[in-house]
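What follows is each chain in one-letter form.
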Amino acid sequence: MTPSFRNIATALVAVAAVGLFPASASAQSDQQKLVNAAEVTLQNFLRDPEMTWLQQNLHRAKGVLIAPEIVKAGFIFGGSGGRAVLLAKEGGKWRGPAFYTMATGSVGFQAGVSVSESITLVMSEKALNSMLSANFKMGADASVAAGPVGAGAKSDVVADMIAFTRAKGVYGGINLDGTLVNLSDDWNKAFYGKPVLPPDILIKGTVSNKNANKLLAAVAKATGGK
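A brief structural summary. Computed from a prediction, not measured in an experiment: that's the story for all the values here. (Residues numbered from 1 in each chain as written. Predicted model: local features only at pLDDT ≥ 70, side-chain atom pairs only at ≥ 80, totals over all residues. Heavy atoms only, no water.)

1. What about the pattern of salt bridges?
Summed over all chains, the structure comprises four salt bridges. Close ionic contact of glutamate 117 with arginine 166 constitutes a salt bridge, the shortest N to O distance being 2.6 Å. With glutamate 117 in strand β4 (residues 113–122) and arginine 166 in strand β7 (residues 161–167), the pair connects residues that are 49 residues apart, well separated along the chain. The exposure class of arginine 166 is partly exposed, given its relative accessible area of 25%. (Salt bridge = Lys/Arg side-chain N within 4 Å of Asp/Glu carboxyl O. Helix = DSSP H or I, 4+ residues; strand = E, 2+ residues; numbered from the N terminus. Buried < 20%, exposed > 50% of the residue type's maximum accessible area, 1.4 Å probe, protein only.)

Next comes the structure, spelled out in structure tokens:
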């Protein structure tokens with residue numbers, strides 16, 4: 001029987017979660033672990049000499065979607081999946097995070113498993129507004145392009161979203177075009193202590209969690225903002 005895209009996506013997100021949130025005696029929540037991992041991923045990109053375009057253009061972004069671990073698995077029916085946090089800049093101030101899952105499916109011969117970390121710059125109001133909904137599809141609801149990579153990379157790339165990945169395995173990276181991004185209501189509720197929507201977190205700023213301050217401070221410092 002051919003596995004459904006939903007089943008593949010769910011399995012891949014689960015695999016990513018096992019790697020990112022290993023069993024531990026720590027009382028730290030999975031949401032906090034993801035926030036901490038997102039800050040590490042951001043620093044990895046900011047230090048990477050191949051990511052100069054991202055470093056020089058991060059200040060132009062209206063939002064930043066950070067996925068510390070995207071697992072890509074093959075064997076005929078493949079795909080990639082993981083969890084991500086979204087930060088948004090409103091009135092010159094960075095807010096968030098809002099929690100999401102990311103998943104994409106593919107059919108064709110593949111082999112092996114690889115892990116990547118990803119940062120997607122949200123460059124337009126159209127893209128940011130799309131991400132405030134319960135789910136959206138990269139490349140459909142908002143255009144997405146692969147970001148320029150390489151020391152001294154220069155490009156006039158124009159897209160609603162510009163995605164960068166750092167591969168840790170056998171694949172040369174992950175194409176995020178066609179990726180489904182779904183809101184994690186349960187993770188947002190767990191982190192903020194009550195049911196909340198993305199506009200409450202990212203636009204209105206009616207909820208916040210001090211445990212995200214380090215991540216917010218890191219992106220603010222990198223963009224020269226607050």
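2. What to know about the side chain of serine 118
Residue position: serine 118 is located in strand β4. Residue classification places serine 118 among the buried residues on the basis of a relative accessible area of 1%. Looking at serine 118, its side chain comes within polar contact range of the main-chain oxygen of phenylalanine 164, at 3.2 Å. When near neighbours in sequence (up to four residues on either side) are disregarded, serine 118 contacts Thr41, Phe45, Leu65, Ile66, Ala67, Ile70, Phe164, Thr165 and Leu176. (Polar contact = N/O pair within 3.5 Å; in protein donor to acceptor, adjacent residues only side chain to side chain. Contact = heavy atoms within 4.5 Å.)

3. A word on the environment of glycine 147
Summarising the element assignment, glycine 147 is placed in the loop between β6 (144–146) and β7. The exposure class of glycine 147 is buried, given its relative accessible area of 12%. For the pair glycine 147 and valine 157, spaced 10 residues apart in sequence, the C-alpha separation works out to 7.6 Å. When residues no more than four places from it in sequence are discounted, the contact partners of glycine 147 are Ile162, Ala163 and Phe164.

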